[in-house]
Amino acid sequence: MNEISEIQYGVVLVTAPSQAEAEEIAQSLVESKLAACVSLVPIKSIYTWQGELYKEEEWQLLIKTDLAKFESLAAKVKELHSYEVPEIIALPLVAGYPPYLAWISENIH
């Protein structure tokens with residue numbers, strides 16, 4: 001079995017309240033090899049928290065990683081995140097361009 005097929009490629013989604021916090025989390029994840037790349041996108045979220053409706057500007061982090069690193073990645077996000085209950089959810093990749101997947105592998109191991 002080759003190295004690429006042994007990796008559980010996925011995208012982890014995290015929202016942050018500011019660009020600065022999103023960048024700090026992203027940089028830490030990439031520097032610690034928990035993510036190969038983190039894309040940052042400004043978004044507007046509408047949600048309920050403690051019984052109240054909120055409409056907030058946030059930053060979405062799209063974290064490309066090996067899902068085997070999810071627990072360590074989640075711990076790092078919680079350490080740096082200002083929310084009491086941050087969004088940290090993982091989606092598996094069902095297919096990908098092999099050279100891109102190889103690049104992810106090279107940058108997280």
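These numbers were taken from a predicted model, which means no experiment stands behind them. (Residues numbered from 1 in each chain as written. Predicted model: local features only at pLDDT ≥ 70, side-chain atom pairs only at ≥ 80, totals over all residues. Heavy atoms only, no water.)

Asks: Could you give me a rundown of the pattern of salt bridges, with the residues and numbers involved?
Replies: Overall, the coordinates contain two salt bridges when judged by the stated rule. Glu 57 is the salt-bridge partner of Lys 44, the closest N and O atoms lying 3.8 Å from each other. Within this pair, whereas Lys 44 is found in strand E2 (residues 37-49), its partner Glu 57 is found in strand E3 (residues 52-66), the two being separated by 13 residues in sequence. A relative accessible area of 56% places Glu 57 in the exposed class. (Salt bridge = Lys/Arg side-chain N within 4 Å of Asp/Glu carboxyl O. Helix = DSSP H or I, 4+ residues; strand = E, 2+ residues; numbered from the N terminus. Buried < 20%, exposed > 50% of the residue type's maximum accessible area, 1.4 Å probe, protein only.)

Asks: Can you lay out the pairing of E3 for me, pointing to particular residues and giving the numbers?
Replies: Here eight bridges tie strand E1 (residues 9-16) to E3, and the two strands are oriented antiparallel to one another. Its bridge partner being in E3, Thr 15 is matched across the sheet by Gln 60. Pairing of E2 with E3, which is carried by 13 bridges, proceeds in the antiparallel orientation. Counterpart to Val 38 in the pairing with E3 is Ile 63. Count of turn residues in the E2/E3 antiparallel hairpin: two residues, of which Gln 50 carries a positive phi of about 50°. (Pairing = 2+ DSSP bridges.)

Asks: An account of the packing of aromatic side chains is requested, with residue identities and associated values reported.
Replies: By convention here, two paired aromatic rings are described through the distance between centres and the angle between planes. The final tally for this structure, using the stated rule, is two aromatic pairs. Ring plane angle 15° and centroid distance 5.5 Å describe the contact between Tyr 47 and Tyr 54, whose orientation is recorded as stacked. (Phe/Tyr/Trp six-rings, centres within 6.5 Å; stacked < 30°, edge-to-face > 60°.)

Asks: Which residues make up the sheet that holds E1, and what are the values?
Replies: Spatial strand order, E2-E3-E1-E4: four strands in an open sheet with antiparallel pairing. With one partner strand each, in any of the chains shown, E2 and strand E4 (89-92) form the two edges of the open sheet. Pairwise comparison of adjacent strand axes, ignoring direction, gives a mean angle of 30° for this sheet. Docked against the sheet, helix H4 (residues 98-108) engages E1, E2 and E3, running at close to 90° with respect to E3. (Axes fitted to C-alpha atoms, helices over the stretch in contact; angles between N-to-C directions. Contact = heavy atoms within 4.5 Å.)

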